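In case you want the letters, here they are:
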Amino acid sequence: MCHLGASAEPSFRRWRKLGACAPQPSPAEMPPQLSGGLSCSARVVQGTLDSLPQAVREFVESNAKLCWPDQIHICDGSEDENRQLLGRMEEEGVIKRLRKYDNCFAFCSWLALTDPRDVARIESKTVIITQEQRDTVPIPKTGLSQLGRWMSEEDFEKAFNARFPGCMKEPLVNNWACNPEMTLIAHLPDRREIISFGSGYGGNSLLGKKCFALRMASRLAKEEGWLAEHMLILGITNPKGQKKYFAAAFPSACGKTNLAMMNPTLPGWKVECVGDDIAWMKFDQQGNLRAINPENGFFGVAPGTSVKTNPNAIKTIQKNTIFTNVAETSDGGVYWEGIDQPLAPGIKLISWKGKEWDPKDGEPCAHPNSRFCTPASQCPIIDPDWESPDGVPIEAIIFGGRRPVGVPLVYEALSWQHGVFVGAAMRSEATAAAEHKGKVIMHDPFAMRPFFGYNFGQYLAHWLSMAQRPEAKLPKIFHVNWFRKDKAGRFLWPGFGENSRVLEWMFNRVGGEGGAKLTPIGYIPDEDALDLRGLGDVSVKELFHISKEFWEEEVEDIQKYLEGQVNADLPHEIESEVLALKQRISQM
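Reading guide: rules and limits
Residues numbered from 1 in each chain as written. Predicted model: local features only at pLDDT ≥ 70, side-chain atom pairs only at ≥ 80, totals over all residues. Heavy atoms only, no water. Salt bridge = Lys/Arg side-chain N within 4 Å of Asp/Glu carboxyl O. Helix = DSSP H or I, 4+ residues; strand = E, 2+ residues; numbered from the N terminus. Buried < 20%, exposed > 50% of the residue type's maximum accessible area, 1.4 Å probe, protein only. Contact = heavy atoms within 4.5 Å. Pairing = 2+ DSSP bridges.

**Q** Which residues make up the pattern of salt bridges, and what values go with them?
**A** Tallied over the full model, the rule gives 37 salt bridges. Among the salt bridges present, the one from Arg427 reaches Asp557, with a minimum N-O distance of 3.5 Å. Of this pair, Arg427 sits in strand S23 (residues 427-429) while Asp557 sits in helix H13 (residues 548-566); the two residues are 130 residues apart in sequence, bridging distant segments of the chain. Accessibility expressed as a relative area gives 11% for Arg427, which makes it buried. Notably, a salt bridge pairs Asp531 with Arg533, separated by 2.7 Å at the nearest N-O pair. The class for Arg533 is exposed, based on a relative accessible area of 67%. In the salt-bridge network here, residues are joined through shared partners; they are Lys209, Lys210, Lys256, Asp277 and Glu295.

**Q** Residue-level account of the environment of Phe299, with values.
**A** With respect to the helices and strands, Phe299 occurs in strand S15 (residues 297-301). For the pair Phe299 and Lys270, spaced 29 residues apart in the sequence, the C-alpha separation amounts to 23 Å. When residues no more than four places from it in sequence are discounted, the contact partners of Phe299 are Tyr201, Gly202, Gly203, Leu206, Lys209, Arg371, Phe372 and Cys373.

**Q** An account of the pairing of strand S26 (residues 516-519) is requested, with residue identities and associated values reported.
**A** Taken together, the four bridges between S26 and strand S27 (residues 522-525) define a ladder with antiparallel strand orientation. Bridging across to S27, Thr519 finds its partner in Gly522. Where S26 hands over to S27, the hairpin turn is made up of two residues, counted between the paired strands.

**Q** Quick rundown of unusual backbone geometry? Include the residues and the values.
**A** Phi is positive for Arg192, close to 55°, though the residue is something other than glycine. Summarising the element assignment, Arg192 is placed in the loop between strand S7 (184-188) and strand S8 (193-197). Note on Arg192: relative accessible area 36%, which makes it partly exposed. You will see that Asn325, though not glycine, has its phi angle at about 60°, which is positive. In this structure, Asn325 sits in the loop between strand S16 (322-324) and strand S17 (327-329).

This is the structure in structure tokens:
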């Protein structure tokens, strides 16, 4: 099946994925075609083709003729349909009911175990097709671009023809439809089309998520004058009842969901969640940057999620949730590394590979990128305006990543232009959300490196252009690093709910308060500006130490990356920020 873009909601509507491992049929094996373009074996089992708009009907008919499905199901979005599809998936062994949470069919939870070769986003097989390579990615000085993958129209046509004809007649080799050798996630922005083949993993197959809401939407946003970003949105209210909304961009598995659903430790403060992954932002007529969350749910990383790290996520996933590649307890529950819940006596674990788990084997019981997929409406701190069509007003933008050394807990950008540079210069340890291995520090500008829908140099110019809008009330820009470690490898900052202390300082800075001192990299809190009461032994000196030697190396790496990867498309404003940072560091 070709997808123009499925909904990003974590409902249980099943999109049958393309391709198992059988060979493609020959032309002689193709069935005769009926009028209207449907093969004789394709039956419409729900709905009617006549009920579809003409363009949609033509799309269905042409792709049925191409792919040879046995059946065509026209979704109506009803709860009855949802139950029918859940039941069928259960019968076919695609999902398993988790009896520990089986309070009723409509609200029980499910476990899906994927093919072990289909567990993460596949950046190496994710492409954007445009007439010119430079429309998709800058031309790097040497080597391949790290800012996306371009495919020519001619090469895509060959790839398409090698995959799709007759693909839905292929037999499944197990209960998880995938074809890792032939996987391709393709975006055709000029045709507003997304075509996915061979993977059932959410980041590759939930086409309304990364594919549409970021890659395709960022291209639309450039054309129409708005922003489509890999950002959480949260509302924070102080003890006086004043409320502000922040957006924050972190790479996958760096704490976005934890921050979006935080329980603040500071008395009297409250956080409410608008979204944990994607923000679409547009200036209104009064100059406010307003953001909506285009998703209907959360697709969160399970390992490390616990009552301690994210109690609101734990409450959210107690029902009506699909878990993927987590371990199953022998009493029909779920389990993963970092869940911080001891197993009851006699309870055993079945690993994500479907075998009884023994810690002596040296493998985790849950895949490091195992996930939960759950409706946002179940979140106990969902913001009252999370579905407001007008969006919420963003007053601060936060960038961040995993930096074990050198980068302070928090700093504020000197200006909008400097803030755009801070986003462009983001670096973080690699995570299990893609096929990268190890803890290498990777460049991940705007936490969008895998998700840009067009040339990153043009993307930077688009962000910079926001400052030219008349009456625009530009948010303050900050950078955070919850992950700095001491020489013994221990985290210097407790994180989680204690991050509310950093949010308080940002909140005050946005309101024209909050003490700060100027450093070469930006403003950091004055010595008494962070409320550290009750934290115990926290080394503020280490958390905010700015090493000249570290930052000399950091700015050289940033300059080399931007000049090498963005090359001729690097805006001169960003070049100026690099040189200005080098100059400030040299004077330390």
